[in-house]
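Okay, here's what each chain looks like letter by letter:
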Amino acid sequence: MSRREFVVGSAMAGLGLSLGSPPPVLAAAAADAWFDKPMRWAQLTLVENDPGRYDPAFWLEYFRRIHADGACLSAGGVVAYYPTEVPLHHRSAWLGKTDPFGDLVAGCRKQGMAVLARTDPHAAHQDVYDAHPDWIAVDADGQKRRHWASPELWVTCALGPYNFELMTLVHREIATRYAVDGIFGNRWSGSGMCYCEHCQRNFKAATGLALPRTNDPRDPARRAYLGWHQGRLFELWKLWNGAIRDVTPHARFIANSGGGALSPLDMRTVGELSDILFADRQARQGMMPIWANGKNAKEYRAALGAKPIGGIFSVGIEEPYRWKDSVQSEAELRAWVAEGTANGLRPWFTKFSGTLYDTRWLSRVERIYQWHHAAERYLRNERPLARVALVYSQQTATFYGGDRAREKVEDHTLGFYHALVEARVPFEMVHDGFLDPDRLRAFKLLILPNIACLSDGQCDQLRRFVRDGGSLIATLETSLYDEQGARRADFGLGDLFGARAGGQLQGPMRNSYLRLEGDAARGRHPLLAGLDGTQRIINGVWRVEVTPTEPSTASPLTLIPSYPDLPMEMVYPRVERTDQPQVFLREIGRGRVVYFPWDIDRVFWEVMSVDHGTLLANAVEWAANEERPVSVSGPGLIDVTIWRQKQSLTVHLVNLTNPMMMKGPMRELLPLPEQRVRIKLPDGARPGKVQLLVANQAPRVEATPGYLTVIVPAVVDHEVVAIDL
Ligand SMILES: [Zn+2]
């Protein structure tokens, strides 16, 4: 068994899946593989009445002008934009004798672009319903589902014959006629639970059970469904990929799928099946910070490694009311794309409708893409140089988080993520399915933000990481559950934490505090740096009852239990001081371990207390115990990333300082004042030319052995320090 088969096999084993024979997808890519070539993507999603009405020459000229080298064009699914011969594959009513898809493909090919055909199978017309009523999705009440936004259409079942039979013919036809480089499947994986006859029968045959009626991951049918559903979708992915590759060996089925802990498809398998993938997070909404686009990049890269990843961004507003013909501000667009670029996403703009009602976005995207094209040599990243990694865990979200995964799992990650950005620490994310020494070798410090579900094997991998000199930071219930969500008697990593788990989770605590301890001789621990002038700070909201395994351990943080918060006359601590540690700090060989038995990361996300941010940043500094690859000093909030290129080093600074940083959309970019960027040079590297790629100037540079300090006079939205080596 090859390593890859082993990896896929073990990824699936957790959910009781088996893959059978390995997919053909992963046969070594041909030497002339196209995947890594395109740097800038353009997506034009036609609407049904575009043919004959929109101007293809305008679009082709725009693609040329912005140096787009990859295109994704509407081909088929709910509407075919070419003269399809597949029965029930609905040709656009405006198609006539034309072939708008074919014309665009030919035009893009002439410009040397890679071309993906877009299909969307999630909805179907009445004739499909009439011919095959069983192809339509069924809700929990047994009703066939009309489309929620276009009620003349029907929602299809993703796991039945509509996808497995009809869409396979469609994909084969597109690949045969147009020799595209790939087919991009939008909304291919269904629109929620389906209770159609095929799903009922197939699930019963596979598991002996009836389809679940609950989302509770402890329900045996629900648990079986999670595995079966994923297995069926991966089967479909491989079927389509095989059908396309039979005709055009270099082409791929590219699923519009993937994400972080809350993503339903196992990212290890997604990463294994993909030679290229695109993160479809088109813009932020509500309270989402701008760095969310960088997070997309990190989550995908954790699964795909060095394979190319595109970042799909919308030129419009992405709020629940779905103004699909809208245009967002240039400041917002620039900030979102800069975050993606700084974190390794190749930009992909998406526009729905070939007929434009608001053209203001055209010049905005053009400016971004033209800069990107000019700087391209410094954006073909070889690898990130970050030494810190934040672990994410789909099994924790599924089996421990369940319906509350957002608050119980994801909010911990968001809090730690924000603290790392604020502390200007370059970092990566790591999938908990990839804790092997090969994957972790690049890192000095792994952060486990309430990664509750870890198998014994994963705990062993983490122990080995520490034994090899790595450091860990963990919070709350990390390792207190196994990979299936069953609670352990004690932490799986208790020996590293130096703590034993006691009773149940305590909380929500109100009005509880942490006492900052120190002694006269040695003063305070570096964890408390910057917290001078106080004896105590606020506590979190949830905590695990713990006892130290080494009773003599002195902790710099001890518990001050909750006391009444009303009436005001009653607000005084009943217990001034305890000996209950609220942080455990250990040195194990060259490694260091920090364990917070409370929800510091989650409550930081909720409350944003500066003291919690300071503790998190200090914990990272102490645990990493080495100089950072890049340190940036100066005012403001900046996302810092650092990359190795073939013959250069690049440091990205993305300016997140904005009065509306925490709620979109930005209106104005406020330049940051001068920043000093101190960069550790790779061993033996001799620096050559140094440039600021956005300001387009040579900066002031101070050199000391092994380091360069670059003075960046201002950062409007984004600056890239490029050092030729
Ligand atoms: Zn179904």
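The present account deals with the structure reproduced in this document. (Residues numbered from 1 in each chain as written. Predicted model: local features only at pLDDT ≥ 70, side-chain atom pairs only at ≥ 80, totals over all residues. Heavy atoms only, no water.)

Along the polypeptide, Trp-240 turns up in helix 7 (residues 220-247). Between the C-alpha atoms of Trp-240 and Phe-443, which are 203 residues apart in sequence, the distance is 37 Å. Leaving out residues up to four positions away in the same chain, Trp-240 has contacts with Pro-121, Asn-163, Met-167, Thr-168, His-171, Trp-188 and Phe-253. Looking at Trp-240, its side chain comes within polar contact range of the side chain of Thr-168, at 3.2 Å. (Helix = DSSP H or I, 4+ residues; strand = E, 2+ residues; numbered from the N terminus. Contact = heavy atoms within 4.5 Å. Polar contact = N/O pair within 3.5 Å; in protein donor to acceptor, adjacent residues only side chain to side chain.)

The next point concerns the coordination of the zinc ion. For the zinc ion, every protein donor is listed as Cys-157 (SG), Cys-194 (SG), Cys-196 (SG) and Cys-199 (SG), and the spread of their distances is 2.3 Å. The site at the zinc ion holds 4 donor atoms, and with the angles between them running 103 to 118°, its shape is tetrahedral. Going along the chain, you hit the donors of the zinc ion in the pattern C-x36-C-x1-C-x2-C. Taken together, the residues span a long stretch of sequence, with Cys-157 in the loop between strand 5 (154-155) and helix 5 (161-178) and Cys-199 in helix 6 (residues 197-207) at a distance of 42 residues. (Donors = N, O, S within 2.8 Å, 3.2 Å for Na, K, Ca; no water. Tetrahedral: all angles 85-135°; square planar, octahedral: opposite > 155°, others 65-115°.)

Let's shift gears to the packing of aromatic side chains. Evaluation of the coordinates by the stated rule reveals 40 aromatic pairs. Where Phe-203 meets Trp-228, the ring centres are 5.3 Å apart and the plane angle is 70°; that geometry is what we call edge-to-face. One end of the pair, Phe-203, is in helix 6; the other, Trp-228, is in helix 7, with 25 residues separating them in the sequence. Residue class for Phe-203 comes out buried when judged on its relative accessible area of 0%. The class for Trp-228 is buried, based on a relative accessible area of 11%. For the ring pair Trp-240 and Phe-253, a centre distance of 5.0 Å and an interplane angle of 70° mean the geometry is edge-to-face. Here Phe-253 lies in strand 7 (residues 252-255) and Trp-240 lies in helix 7, a separation of 13 residues in the sequence. Across this residue pair, the class does not change: Trp-240 and Phe-253 are buried. Ring pairing ties together the aromatic residues Phe-58, Trp-59, Tyr-62, Phe-63, Phe-313, Phe-349, Trp-361 and Tyr-369, which thus form one cluster. The cationic tip of Arg-439 hangs over the ring face of Phe-434; the distance from NZ or CZ to the ring centre is 3.8 Å. Seen from the ring of Tyr-572, Arg-574 lies directly overhead, with NZ or CZ sitting 3.9 Å from the centre. (Phe/Tyr/Trp six-rings, centres within 6.5 Å; stacked < 30°, edge-to-face > 60°. Buried < 20%, exposed > 50% of the residue type's maximum accessible area, 1.4 Å probe, protein only. Lys NZ or Arg CZ within 6 Å of the ring centre and 35° of its normal.)

Spatial ordering of the open sheet is given by 25-28-31-30, a layout of 4 strands whose pairing is antiparallel. In the strand order of this sheet, the two ends are held by strand 25 (630-633) and strand 30 (700-704), each with one partner. Recorded for the sheet is a direction-independent mean angle of 15° between the axes of neighbouring strands. Across 4 bridges, strand 25 lies against strand 28 (residues 675-680) in antiparallel orientation. By the bridge assignment, Ser-633 is partnered in strand 28 with Arg-676. (Pairing = 2+ DSSP bridges. Axes fitted to C-alpha atoms, helices over the stretch in contact; angles between N-to-C directions.)

To continue, consider the pairing of strand 7. Residues Arg-252 and Ile-254 point to one face of strand 7 and Phe-253 and Ala-255 to the other, with burial holding for every one of them. With 4 bridges connecting them, strand 6 (residues 182-185) and strand 7 associate as parallel partners. Looking at the pairing, Gly-182 lines up with Arg-252 of strand 7.

This part takes up the sheet that holds strand 13 (residues 427-431). Within the open sheet, the 6 strands sit side by side as 13-12-14-15-24-23. Their pairing is mixed. Of all the strands in the sheet, just strand 13 and strand 23 (584-588) have a single pairing partner and so form its edges. With direction set aside, neighbouring strand axes in the sheet form an average angle of 20°. Pairing analysis gives 4 bridges linking strand 14 (residues 445-448) to strand 15 (residues 471-475), with the strands arranged parallel. Across the sheet, Leu-445 pairs through a bridge with Ser-471, a residue of strand 15.

Next up on the list: the nonpolar core. With 188 residues, the main nonpolar core has Phe-63, Phe-101 and Phe-349 as its most contacted residues. Val-677, Ile-679, Val-710 and Val-712 belong to the second-largest nonpolar core, a separate cluster that totals 21 residues. (Core = buried A, V, L, I, M, F, W, Y, C linked by side-chain atoms within 4.5 Å.)

One pass over the full model with this rule turns up 47 salt bridges. Across the salt bridge formed by Asp-181 and Arg-109, the nearest N and O atoms sit 2.8 Å from each other. Taken together, the residues span a long stretch of sequence, with Asp-181 in the loop between helix 5 and strand 6 and Arg-109 in helix 3 (residues 100-110) at a distance of 72 residues. Take Arg-109: its relative accessible area is 30%, and that puts it in the partly exposed class. Residues joined by salt bridges that share partners form a network here, namely Asp-36, Arg-40, Asp-69, Arg-346, Glu-376 and Arg-380. (Salt bridge = Lys/Arg side-chain N within 4 Å of Asp/Glu carboxyl O.)

Here the focus is the packing of helix 5 against helix 7. Relative to each other, helix 5 and helix 7 sit at 30°, their axes nearing to 8 Å. Between helix 5 and helix 7, the angle falls in the class roughly parallel. Along this stretch, helix 5 crosses helix 7, giving a crossing that reads as right-handed. Between helix 5, through Asn-163, Phe-164, Met-167, Thr-168, His-171, Arg-172, Ala-175 and Thr-176, and helix 7, the contact on the second element is made entirely by Arg-232, Glu-235, Leu-236, Leu-239, Trp-240, Ala-243, Ile-244, Asp-246 and Val-247. In the contact of helix 5 with helix 7, the residues fall into 9 nonpolar, 4 polar and 4 charged. (Parallel < 35°, antiparallel > 145°, perpendicular 65-115°, else oblique. Left-handed = near helix turned anticlockwise from the far one by under 90°. Nonpolar A, V, L, I, M, F, W, Y, C, P; charged D, E, K, R; others polar.)

The subject of this paragraph is helix 12 (residues 394-401). Within helix 12, 7 of the 8 residues are buried, which leaves the element mostly enclosed by the surrounding structure. All of the buried residues along helix 12 are Gln-394, Gln-395, Thr-396, Ala-397, Phe-399, Tyr-400 and Gly-401. The elements touched by buried residues of helix 12 are helix 7, helix 8 (267-273), strand 12 (388-392), helix 13 (405-422), strand 13 and helix 15 (456-467). Gly-402 sits one or two positions beyond helix 12 and adopts a positive phi of about 55°.

Moving on: a nonpolar patch on the surface. Judged by side-chain polarity, Ile-317, Tyr-321 and Trp-323 come together as a nonpolar surface patch covering roughly 370 Å² of accessible area. Mapped onto the elements, Trp-323 comes out in the loop between strand 9 (309-314) and helix 10 (330-342). (Patch = residues over 30% accessible without salt bridge, like charges linked within 9 Å, V, L, I, M, F, W, Y side chains within 5 Å. Areas by Shrake-Rupley, 256 points an atom, 1.4 Å probe, with all protein chains shown as cover.)

Attention shifts here to the environment of Tyr-82. Mapped onto the fold, Tyr-82 is located in the loop between strand 2 (70-77) and helix 3. Exposure remark for Tyr-82: the relative accessible area of 0% places this residue in the buried category. When the C-alpha atoms of Tyr-82 and Leu-95 are compared, they prove to be 7.5 Å apart, with 13 residues separating the residues in sequence. Among all residues touching Tyr-82, those that are not within four sequence positions of it are Ala-75, His-89, Arg-91, Leu-95, Asp-99, Phe-101, Val-170, Glu-173, Ile-174, Arg-177 and Tyr-178. A polar contact of 2.5 Å, which involves the side chain of Tyr-82, links it to the side chain of Glu-173.

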